[in-house]
Each structure stands twice: as C-alpha cells, then as structure tokens.
Amino acid sequence: MKTFCGRANPTTGALDWVEESEEYDYHQEIARSCYADMLHDHDRNQKYYQGIRAAVSRVKARGVKVIVLDIGTGTGLLSMMAVSAGADLCYAVEVFKPMADAAQNIVKKNGFSNKIKIINKHSTDVTVGPDGDMQMKANVLITELFDTELIGEGALPSYEHAHLHLVQEGCEAVPHRATVYAQLVESELLWSWAQLQPIEVDGARLAPPPAVGICAGAHSVCDIQLSQVSPQSFTALGPLCTMFSVDFSKPVSSALQSYSAQFVAQSSGRAQVVLSWWDLDMDPSGSIVCTMAPSWTYQEPKTAPWRDHWMQSVYFLPVESRVTEGEELSLTVCHDDYSLWFDLKTHRQEECRAVAPPPRPCCTCQAHLVWNRPRFGELNDRHRTDSFVAALRSVLREDSVCLSISDGSLLPVFAHMMGISRWFGSSWVNLISHNQIPGTQWSLTRVPQVSVLMGEPYFSTSLLPWHSLFFWFCRSAVAGLLKPDASILPCTATLQMVAVEFQDLWRIRAPCGTCEGFDVTAMDDMKSLDFRESREAEPHPLWEYPCRALTPAAGVMTFDFTQCVPQHPMVSEGSLSGRCHGVALWMEYNLTEDVTVSGGLIGPIGEQGECQWTPHRRQGVYFFRSPWDTTADARAGVSYTLTFEPSLGDIKMDFSIKSQ
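In the nomenclature of an unreviewed UniProt entry, the chain is known as Protein arginine N-methyltransferase of Sphaeramia orbicularis. In its Catalytic activity (unreviewed entry) section, the UniProt entry covering the chain states "L-arginyl-[protein] + S-adenosyl-L-methionine = N(omega)-methyl-L-arginyl-[protein] + S-adenosyl-L-homocysteine + H(+)". Turning to the chain, the UniProt record has this under Sequence similarities (unreviewed entry): "Belongs to the class I-like SAM-binding methyltransferase superfamily. Protein arginine N-methyltransferase family. PRMT7 subfamily."

Following this line, the structure appears as structure tokens:
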C-alpha cells in the first residue's frame, strides 16, 4: 500500500506531497539510527560480554537456572552473548518492529532460536505468567537503554517497572551500576553557545537586552564529542566530582531527585559551564568499567575508544557567577525521569537554600527558542561579524533601503548602527531600543523599493548546507520590490567539495558483518539500510569528527543570487582520485567580490590533509559504501554528477566508480 506524505521543503519553503510505501517511516528510522556505530564499538561490546559472563556465572553458582531479560535488545547481540555464556533462557524485548524482525533473523541465523524469545513490545507492556510473554521472572537483567545523558531514553522508568514486575528480587544486572561525573569550568568558547555577547560594530558596542542576559537558557543538554574540545579552551574551576550513582540490581526510582557535591575552587574565574560524562560498572566489584570520559582524561589519548552513540554532555549554568580560588562551593545536579540539570551555590548560599531542589532552567527571553547553540556561537564569532560589517560598509549608502532575509539575523541591526534609518519588521525592536538606535520601522505592506537585499543566509529549518538556498527562492519572490541596481548580499554562493578519509566517523556507515563472533550480516542486508535517505548526503558537524582531506577543496557549483532562480536544472560533473570514505560538502558565500564567509573549511588544508572546520554549521557528508582506491589502477576513478533541481529545491548526487 502507498501513502501520500506531506513534507515541508526547507529550500523552497513549499509543502511537497510525495508517495511513499507503508514501510517508509520504519526504513527512515533504521537508516538514521546508526546501529552500525554500536556494533562497531568494540570496547562497549567487550565490556558487556565480560559483565554478562560474570553475571551468568554468579547465578549458575547458586545452582539455579539462568533466566535473562534483555530490554532494548536491538540486534539481539547481548542476548546471544548471554546464551553463549551459559544462560538457559533469554527474553529479548524490542519495541521497534523492524528491529525486532531483524533480531529474530539474526538469532535464528546464529542458532539460538530455541533459547532466545524475541518479544516485540515495550518492556512496560510485557506480561509474566503461564500465558504471558515471560513464563517466569528473570534473575539476570541486561539492558542498553542509555544515551549521552544516561537517562534520556527512559532508562529509569524502564528499570523501575522491570524491578516491580519482570525480575526477581536480588537479581544480577548488567550493567550493575552507572556513575555520573561533573566538572565546573570557565570557557569562552562553550559559553558563547549559551548567551549572546556584546558585539562591536564600527567602534560602537551592541549589548544584548537585559532579558537575554539573565535568561537561564534552553534546558536541553548539549551533547558533543568533548574529546575535540581542547583543554586549552577551558579552565577547570574545580575537581572532577562524583555526582551520583544508580545501582541497577536494586529497585530504581524515576522520581525527581537531587544530589550535591561540595568542593573548594581550585582556580578563580567565571563559573559558566559543567562538563559531564558517566561510567558503567559491568560487575558489582567495579573491575569491568566502560567509561565515556573524553580522550584528554587518558594518559594516552589515542587509546580512548571512539563512539558516537554515547558522547559527553555540556550543561550551561542558569547564571554566570564569579568564584575565587579557595572558595567553598556546592554543585547540585537534579534529574527527573529523562533529563539532568545543574546549579551552583557558594557554601554559605547552600546553607540558606530552601529544601526544594533548584528548578529546571527555562528560556524566558525567547532567544533560546529562536537560536540553537551553534547559532549562538555563530552570532558571537567576532571574525564573522567583522566580515559582514566590512561587506555592509561597501554596499550601504545614506539613503539605502534594506531588506533582510534570514532567521534571527543581526544584519538589520548592524545596518542601523552604520547609519541606515529605514528598516522592516519588528524582530529586533527590543534590541534596537535597548541600544538607543534611532530609525524608522517599515512594513512590507508599504515598502519603498529596496536598494540592499541582505542575508547570511541562515534558516532554522536548514539541515544540509544547500538548504540555505531558500534565500535564493525568497530573493526571486521579492524581485518586484528591488531596484534595478539593488545590491544583493551575498551576491553568489559556491558549493564546495573535498574527498575525505575519516578517523572514526566512517564506522557509522560501515558494514556490520561479524560482531564479537556473532553473524549480524542480516543488518547489512536490511532494505532499510539501503533506503534512499542512507544513500544521500547527511549533515554532520565535522569539527567534532577528525578527517583528512585527500583532494584539494573545489567549487563544484555556483549560484548567482543577483539573478532569479533559473527555470532549468543546473548540472555539474567531474571526477575524484585517491582513497576516501566519502566527500564533505559545504557552502561558501561571497558577500561581495572581496569578502567571503565559509560554512565549512575555515583555513587552508594542512600538508598532511589536516582540516579545520567551522563549529557553527553542519557540513554535508556523502558516504561511499566502502573506501575506494584508485592507486592500483591509474585508469580508474570516481565520477560524480550533481544536479540542482529548482522545482525540488534540492541537489541530487550520483557517484560511480568506472574506468577512464
């Protein structure tokens, strides 16, 4: 059966209706879920296997049958480990039907069907009894329900229910325990992702309104590859604190709880950010540990395991505060059933604290609802601001009439500060009035002809770099409002491309094959992993994922914003040579003939192919199915065809290996 799906087009702004199969959402979910990353996480798999063997041995030593409950089984890997370790029976619960079907195939292929029962339900719907999903309660509980924040996938409610209804009292659990750590730091880089900083424009200072400065910001965690944040970019104000632990072998509560750690400030500075990660103890003694600690905590950073399904967390304190070396401080973490938040008090403030835990941070200024964290960082980027100011200075005149097309852009405010008095819209009334910038507000219902059309471009709906071509479609829509000699800023944009070899990111799209001795090739054969979305470019913030450039960066397609969107497709063809995992793509915007802003590489490629990427925008990555190598055959190569379809507002990509 086919179904029509409505989908907002981020480039054209139109609502497109497309025909999809009834399995579409399932395929898309698996294609995006990066199961391969978990299966390639050898450190995780080995630690689980060791913990499972130990737990099964402890139960067998009691002279009873080993009955395992595996919640969130996924591919069934942990269940197969349990049976291989000697478990008598394993109930493997998986709520996502396509994944449950895959687990069924994998379990059968490995010869475990007689000892592993796949239950396609949410664990809270599983029943126990003669006619239930489980004939008896389990005495070993195995789960992998964790995310970067530990509890964000609902681990606590699932454990709470399991201990009440699905497992025996005193059961073994793998993992046995989780411990959350946190460290208070000052970091101009990280804090720039949370608060709008004062901006200098032509010698004048633009300050954010008070409501923005005192806002606690967005509550959601900022999960990143903290290994890629250099220790030189932050100052530790306190030691690494153990905040709390959860023993999964005992009843667990998902109710609101708080924990505090007292310590003495080891440096003076501004308390702004909390860095956090967690460990899993796979056994009661804590001898089998799987840690999420960033690589710079290791004596040999290169030995740190890489994983993308679990990263590290950055939390922004509700208020920036000054601390002094030697001062007694209290760091408090609160959690509900799905999330964590932090608060800092001096020892004296802690003594006066009310019994109630600190409230969950909430945005009251609206800015954090408009801008995400990378966007805050982009707006706080002084070099980028200087580039836009220089470009504006070259096109603005005293009588200029300006129209800005971007989401939450400060360009109209910059233009005001540079002497332009006529402007449109009301987005920045508070910011302009707070800084006492005179001007006349215009409405598009009575707009004079525009002499300067400007944009960054930035749109909150953009996922891939070329989605910002929405600016081009808007420019075409308002063509009748523009003077014949109107300046367009940016005037052109170029799609850049470079072939890359990833240090680790390739794992998320690599074939699964055999994992810890178990055949999981059924994952590679799934139609979902060959679905359309997994064969197109996908967005990644490449500053978090080291890679080596194997070709020079090259412009492969240019878009002329001084003209309207063409009616016919634009096609670019070419070829690449070398060995790579795929290609990285990004947009470079030519604000004027002399000023360019990059949404990708922000420096020259190093002698060994080292790349420096902007931390503010995601780049597009097109993964090849396997690294290709043309060094063995000089006649071979990879040809590409890129087609920009104006009617679709998208760039279609085709890469193929062929003899030349």
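Participant: Tell me about the overall build of the chain, and please be specific about residues and values.
Facilitator: Within the chain one finds 16 helices and 36 strands. Sorting the 660 residues of the chain into buried and exposed places 55% on the buried side. Excluding contacts between residues fewer than 6 apart, the proportion of contacts in the chain whose partners are at least 24 apart in sequence is 76%.

Participant: Got a sec to walk through the environment of proline 566? Specific residues and values, please.
Facilitator: Within the fold, proline 566 resides in the loop between strand 30 (554-560) and strand 31 (570-576). Considering only alpha carbons, one finds proline 566 and glutamate 645, 79 residues apart in sequence, at a separation of 9.5 Å.

Participant: If you had to explain the packing of aromatic side chains to someone new, which residues and values would you point to?
Facilitator: Inspection of every chain in the model, using the stated rule, returns 27 aromatic pairs. Relative to phenylalanine 248, the ring of phenylalanine 146 lies with its centre 5.7 Å away and its plane at 35°, an arrangement referred to as tilted. Here phenylalanine 248 lies in the loop between strand 13 (241-247) and strand 14 (257-264) and phenylalanine 146 lies in the loop between strand 6 (138-143) and helix 6 (155-165), a separation of 102 residues in the sequence. Residues phenylalanine 146 and phenylalanine 248 agree in their burial class; the two are buried. Taking 4.9 Å as the distance between ring centres and 75° as the angle between the ring planes, the aromatic pair formed by phenylalanine 459 and phenylalanine 470 counts as edge-to-face. Taken together, the residues span a long stretch of sequence, with phenylalanine 459 in the loop between strand 23 (450-454) and helix 15 (470-477) and phenylalanine 470 in helix 15 at a distance of eleven residues. Take phenylalanine 459: its relative accessible area is 4%, and that puts it in the buried class. Look at phenylalanine 470 and you get partly exposed, because its relative accessible area is 21%. Three or more aromatic residues joined by ring pairs form one cluster here, namely Phe146, Tyr159, Phe248, Trp278 and Trp310. If you follow arginine 375 out to its NZ or CZ, it ends over the ring of tyrosine 458, 4.0 Å from the centre.

Participant: I'd love a proper account of helix 6, names of residues and values included.
Facilitator: If you check which residues of helix 6 are buried, you get Ala155, Leu156, Ser158, Tyr159, His161, Ala162 and His163. Among the structural elements, strand 3 (67-71), strand 6, strand 7 (167-174), strand 13 and strand 18 (328-335) are those in contact with the buried residues of helix 6.

Participant: Which residues make up the sheet that holds strand 23, and what values do they have?
Facilitator: Here three strands make up an open sheet; going across it, the order is 20-23-24 and the pairing parallel. With one partner strand each, in any of the chains shown, strand 20 (402-404) and strand 24 (482-489) form the two edges of the open sheet. Neighbour-to-neighbour, the strand axes of this sheet turn through a mean angle of 25°, independent of strand direction. Of the strands in this sheet, strand 23 and strand 24 are in contact with helix 12 (residues 382-395), which crosses strand 24 at around 160°.

Participant: Run through the confidence of the model for the chain, naming residues and quoting values.
Facilitator: Averaged over every residue, the pLDDT of the chain is 89; the share at 70 or more is 86%. A low-confidence stretch, residues 425-429 stays under pLDDT 50, and its non-local contacts, those more than four residues away or across chains, total ten contacts. Confidence drops under a pLDDT of 50 for residues 629-635, and excluding neighbours within four residues, the segment shows ten contacts in the predicted structure.

Participant: How would you explain the nonpolar core if you had to name every residue and give the values?
Facilitator: Formed by 130 residues in total, the largest nonpolar core has its most connected members in Leu69 and Phe146. Per element, the largest residue contribution to this core is seven residues, and it comes from strand 15 (residues 269-281). Excluding its chain neighbours within four sequence positions, the residues that come into contact with leucine 69 are Tyr91, Val93, Met134, Ala138, Val140, Leu141, Ile142, Leu166 and Val167. Counting 74 residues, the second largest nonpolar core, distinct from the first, contains Leu396, Leu403, Trp472 and Val565.

Participant: Before we move on, can you summarise the pattern of salt bridges with the specific residues and values?
Facilitator: For side chains bearing opposite charge, pairing can occur when the charged atoms are close. Tallied over the full model, the rule gives 26 salt bridges. Between aspartate 41 and arginine 307 there is a salt bridge, with the nearest N and O atoms lying 2.6 Å from each other. With aspartate 41 in the loop between helix 2 (35-39) and helix 3 (42-60) and arginine 307 in the loop between strand 16 (289-291) and strand 17 (312-323), this residue pair connects regions lying 266 residues apart in the sequence. For the pair aspartate 41 and arginine 307, a shared accessibility class is recorded, and that class is buried.

Participant: Would you mind going over the sheet that holds strand 19 (residues 340-346) in detail, with residue names and values included?
Facilitator: In a beta sheet, neighbouring strands pair by backbone hydrogen bonds and run either parallel or antiparallel. Pairing is antiparallel in the open sheet, where three strands are placed in the order 14-18-19. Each edge of the open sheet is held by one strand with a lone partner, namely strand 14 and strand 19. Strand after strand, the sheet turns through a mean of 20° between neighbouring axes, direction not considered. With eight bridges joining them, strand 14 and strand 18 adopt antiparallel strand pairing. Looking across to strand 18, one finds that tyrosine 259 is bridged to valine 333.

Participant: Residues and numbers for the pairing of strand 17, please.
Facilitator: As judged from the three bridges shared by strand 11 (residues 222-224) and strand 17, these two strands associate in the antiparallel manner. Note that in strand 17 the partner of cysteine 222 across the bridge is valine 314. In this structure, strand 15 lies alongside strand 17, joined through seven bridges in antiparallel fashion. Pairing of serine 276 across the sheet is with serine 313, part of strand 17.

Participant: Give me helix 12: which residues, what numbers.
Facilitator: Compared with an ideal rise of 1.5 Å per residue, which puts 14 residues at 20 Å, helix 12 spans 20 Å between its outermost C-alpha atoms and is within 8% of the ideal. Among the residues making up helix 12, those that are buried are Arg384, Thr385, Ser387, Phe388, Val389, Ala391, Leu392 and Val395. In this fold, the buried residues of helix 12 make contact with strand 9 (199-201), helix 11 (373-379), helix 13 (411-417), strand 23, strand 24 and strand 33 (596-598). At the N-terminal end of helix 12, a side-chain oxygen is found 3.1 Å from the backbone nitrogen of histidine 383, two or three residues along, and the residue is aspartate 381.

Participant: Please set out unusual backbone geometry residue by residue, giving values where relevant.
Facilitator: Glutamate 456 connects to proline 457 through a cis peptide bond whose omega is -15°. Inspection of the secondary structure puts proline 457 in the loop between strand 23 and helix 15. Cis rather than trans, the peptide bond between leucine 489 and proline 490 has omega equal to 5°. Mapped onto the elements of the fold, proline 490 is located in the loop between strand 24 and strand 25 (492-502). Phi at aspartate 202 is positive, roughly 50°, even though this residue is not glycine. One non-glycine residue, glutamine 366, lies in positive phi territory at about 75°. Inspection of the secondary structure assignment puts glutamine 366 in the loop between helix 9 (347-352) and helix 10 (367-370).

Scoring rules and cut-offs
- Residues numbered from 1 in each chain as written.
- Predicted model: local features only at pLDDT ≥ 70, side-chain atom pairs only at ≥ 80, totals over all residues.
- Heavy atoms only, no water.
- UniProt positions renumbered as here; feature names shortened; annotations may be inferred.
- Helix = DSSP H or I, 4+ residues; strand = E, 2+ residues; numbered from the N terminus.
- Buried < 20%, exposed > 50% of the residue type's maximum accessible area, 1.4 Å probe, protein only.
- Contact = heavy atoms within 4.5 Å.
- Phe/Tyr/Trp six-rings, centres within 6.5 Å; stacked < 30°, edge-to-face > 60°.
- Lys NZ or Arg CZ within 6 Å of the ring centre and 35° of its normal.
- Pairing = 2+ DSSP bridges.
- Axes fitted to C-alpha atoms, helices over the stretch in contact; angles between N-to-C directions.
- pLDDT = per-residue confidence, 0-100.
- Core = buried A, V, L, I, M, F, W, Y, C linked by side-chain atoms within 4.5 Å.
- Salt bridge = Lys/Arg side-chain N within 4 Å of Asp/Glu carboxyl O.
- Expected span 1.5 Å × (residues − 1).
- Polar contact = N/O pair within 3.5 Å; in protein donor to acceptor, adjacent residues only side chain to side chain.

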